[in-house]
Amino acid sequence: MKRQNLVVVGGGSTYTIGMIMSLVAEKEQFPLKSITFYDTNAERQEKIAKATEIILREKYPELDSFHYTTDKEEALSNADFVFVQIRTGGLAMREQDEQIPLRYEAVGQETCGPGGMAYGLRSIGDMIELVNDIRTYSPDAWILNYTNPAAIVAEALRREFPADKKLLNICDMPAAIMVSYAGILGKDVFDLVPEYFGLNHFGWFTKILDKEGNDHTNTIKRAITEDGFIPEDAEIANDPSWIHTFKQVERMVTDFPEYLPNTYLQYYLYPSQMVEKEDPSTTRARQVINGREKRVHTLADQIIEDGTTENVELEVDIHGRYMIRVAASMAYNNGDIFIVMVENNGTIANLPDDVMVEVPAMITNRGPKPFAVGHISTFYKGLIEGQLAYEKLVVDAFYENSYEKALQALTLNRTVVDAPRARQILDDMIEANKDYWPALHASKQVVTNQ
Ligand code: NAD
Ligand code: G6P
Ligand code: MN
């Protein structure tokens, strides 16, 4: 098996140590020659990298080299795979994205509604620059992107790089949900085969099969409505916010029993309830700063101080394993089936061709080969078309620096609906993001002065 040269962009991410542990666990499936970290924030990356050095020395002696750098050319040259996980504006801007809509009683969430729009308008420019840089230094590398809001980033990259066949956007949520299905069934998550359709953070499982073709869908639905639904993946199992989110699946399956929903549909189906439960002073960003970020940094500090991993507990999570299994299927043409984002092109028969959808695909060394979904029925089509229009308008707003398109996007979104409310949220967001969106800030002045 050829060993791969891997670059992790966003080396300082809170997910990097989990990713490294997954690479250790998956070394048979995805053997590595080298690992390189790249990040724009030297200090943030250094802490994670120094801990990683020790983890790799103890657990991955087969590796030829590990480097970390803030120099693009040095990092991105000679890569076979590039895993991308960046956050433009950091958790501080995420907090703004969540707090601003709540002022107007609209959902404040990282990837959904106004928060998703703001985060998208920050991420797109950096992602385009990054993909251009990767293509300059490693024209043939596979790029696997986790950066959010993945739906909006994927649509922008589709427009910007239409001919790039080695660029894939993925999300770990369907896989994390499947970990809980696997728990219900007493099976391994990678032994389950999903049928699924929708957009990122906006989709439904229509069937859950095993590799022998047995259908477990009704068993799962019954278990959810009768016994409840809990997160089981290590990263989220003990997190009160994720426990609450998984509980909402019970309600969604009761209200809409036809299919099994993605957890993120809670924001679109029950927006008022999602607003009511929020405390604006401790939205999810604050919980992550005091939770995952603190936990990861404390763990890294301890590994560095001890010079060994012997005194810490290191866990493997689905986030890392999922990305790595997808990469392995590309590298070695395994033909495994994973839910990924692809350009529709007829996969969902009654949606346009030129939109990004999230569906199961066979992952090969020629890229993802999606399975036909066929026609979807009115409820799902209606919901998806509204969301798609919002996503497209956000990307239009980015390219055109258009206040009007951004206002249209928010007005269309199910988490906002009222045009005056959309305008208030947009105006506050433009102010909060003026360093990131100078042109939109300027175009708002024009609109205001008319
Ligand atoms: P984080 O802020 O802890 O880490 C992101 C890192 O990226 C930081 O170290 C930052 O300095 C770095 N960075 C920012 N801009 C950069 C750039 N232009 N080039 C290189 N490095 C840059 O964030 P996190 O919570 O660990 O999340 C990382 C990303 O992964 C986010 O976009 C998050 O939304 C996404 N994510 C996606 C999924 C999914 O399902 N697709 C799952 C989990 C996380
Ligand atoms: C899920 C989603 C991601 C999201 C992540 C973290 O895994 O698929 O897109 O970024 O959760 O959310 P959190 O609120 O815990 O930072
Ligand atoms: Mn996701």
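What counts as what
- Residues numbered from 1 in each chain as written.
- Chains lettered and ligands numbered in written order.
- Predicted model: local features only at pLDDT ≥ 70, side-chain atom pairs only at ≥ 80, totals over all residues.
- Heavy atoms only, no water.
- Helix = DSSP H or I, 4+ residues; strand = E, 2+ residues; numbered from the N terminus.
- Rg over C-alpha atoms; globule rule 2.2 N^0.38 Å.
- Buried < 20%, exposed > 50% of the residue type's maximum accessible area, 1.4 Å probe, protein only.
- Contact = heavy atoms within 4.5 Å.
- Lys, Arg positive; Asp, Glu negative; His and termini not counted.
- Charge placed at Lys NZ, Arg CZ, Asp CG, Glu CD.
- Donors = N, O, S within 2.8 Å, 3.2 Å for Na, K, Ca; no water.
- Domains from an automatic or database assignment.
- Buried area = accessible area lost by both parts, 1.4 Å probe.
- Salt bridge = Lys/Arg side-chain N within 4 Å of Asp/Glu carboxyl O.
- Near = heavy atom within 4 Å.
- Polar contact = N/O pair within 3.5 Å; in protein donor to acceptor, adjacent residues only side chain to side chain.
- Areas by Shrake-Rupley, 256 points an atom, 1.4 Å probe, with all protein chains shown as cover.
- Nonpolar A, V, L, I, M, F, W, Y, C, P; charged D, E, K, R; others polar.
- UniProt positions renumbered as here; feature names shortened; annotations may be inferred.
- Phe/Tyr/Trp six-rings, centres within 6.5 Å; stacked < 30°, edge-to-face > 60°.
- Lys NZ or Arg CZ within 6 Å of the ring centre and 35° of its normal.

**Q** What should I look at first to understand the overall build of the protein chain in this one?
**A** Across its full length, the protein chain carries 17 helices and twelve strands. A globule of 450 residues ought to have a C-alpha radius of gyration of about 22 Å, and the protein chain, at 21 Å, matches this closely. Reported as C-alpha extents along the three principal axes, the dimensions of the protein chain are approximately 60 × 50 × 45 Å. Here the protein chain holds 450 residues, and the buried ones make up 59% of them. Residue pairs at least 24 apart in sequence account for 72% of intrachain contacts in the protein chain once pairs closer than 6 positions are excluded. Positive and negative charge centroids in the protein chain, built from 44 and 67 side chains respectively, lie 2 Å apart.

**Q** How should I be thinking about the environment of Asn214 in this particular structure?
**A** Tracing the chain through its elements places Asn214 in the loop between β8 (202–210) and α8 (217–227). Judged by its relative accessible area of 40%, Asn214 falls in the partly exposed class. Excluding residues that lie within four positions of it along the chain, Asn214 makes contacts with Ile208 and Leu209.

**Q** Where do I start with the coordination of the manganese ion (ligand 3) in this structure?
**A** Put simply, a metal with four donors set out as a tetrahedron has ideal angles of 109.5 degrees, and one with six donors set out as an octahedron has ideal angles of 90 or 180 degrees. The manganese ion (ligand 3) binds to the protein through Cys171 (SG) and His201 (NE2), with metal-donor distances spanning 2.2 to 2.4 Å. Remark: His201 occurs in the loop between β7 (192–199) and β8 and Cys171 occurs in the loop between β6 (167–169) and α7 (173–185); sequence separation between them is 30 residues.

**Q** Please clarify how helix α4 (residues 90–103) should be interpreted in this entry.
**A** Note: α-helices contain 3.6 residues per turn, so residues at a spacing of three or four share the same orientation. Among all positions in α4, only Leu91, Met93, Arg94, Glu95, Asp97, Glu98, Ile100, Pro101 and Leu102 are buried. Check the buried side of α4 and you find it contacts α5 (113–137), α11 (271–276), α12 (284–306) and α16 (419–432). Positive backbone phi, approximately 55 degrees, marks Glu105, located one or two places after α4.

**Q** What exactly am I supposed to notice about the domain arrangement of the protein chain here?
**A** Think of interface size as the accessible area that goes away when the parts come together; that is how it is often given. Each domain of the protein chain was delimited in the assignment, giving domain 1 (4–170 + 287–322) and domain 2 (396–449). Relative to domain 2, the C-alpha centre of domain 1 lies at a distance of 29 Å. Listed as interface residues are 25 residues of domain 1 and, on the opposing side, 20 residues of domain 2. Of the roughly 1,900 Å² buried between domain 1 and domain 2, counting both surfaces, carbon and sulfur atoms make up 71%. Linking domain 1 with domain 2 are two salt bridges.

**Q** In this structure, what is going on with the site of ligand 1? I would like to understand it.
**A** If you check the shell around ligand 1, you find 25 residues, and the closest are Ser13, Asp39, Arg44, Ile86 and Tyr119. Between ligand 1 and Ile170 there is a distance of 3.1 Å, counted from a nitrogen atom to a backbone nitrogen or oxygen. For ligand 1, whose accessible area on its own is 860 Å², the fraction buried by protein is 93%. Looking at the shell around ligand 1, its residues break down into eight nonpolar, ten polar and seven charged.

**Q** What is the right way to read the UniProt feature "transmembrane region" (unreviewed entry) in the protein chain from this model?
**A** The sites that carry the UniProt feature "transmembrane region" (unreviewed entry) are, in the present numbering, residues 6–25. Summarising residues 6–25: 50% helix, 20% strand, and an end-to-end C-alpha distance of 16 Å.

**Q** Whenever I open this one, the packing of aromatic side chains confuses me. Can you help?
**A** Describing an aromatic ring pair means giving the distance of the ring centres and the angle of the ring planes. A complete count under the given rule lists 23 aromatic pairs for this structure. Their ring planes at 85 degrees and their centres at 5.2 Å tell us that Phe30 and Phe81 sit as a pair that is edge-to-face. Here the residue Phe30 occupies a position in the loop between α1 (16–25) and β2 (32–38), and Phe81 occupies one in strand β4 (residues 81–84), the gap between them amounting to 51 residues. Of the two residues, Phe30 and Phe81, neither departs from the other in class, the shared state being buried. Centroid distance Phe398 to Tyr399: 5.2 Å. Interplanar angle 85 degrees. Geometry classified as edge-to-face. What links up through ring pairs into an aromatic cluster is the set Tyr181, Tyr196, Phe205, Phe229, Trp242, Phe246, Tyr264 and Tyr267. Of note, Arg122 hangs over the ring of Tyr436, and the distance from its end group to the ring centre comes to 5.9 Å. It is Arg325 that lies over the ring of Phe190; its NZ or CZ is 4.2 Å from the centre.

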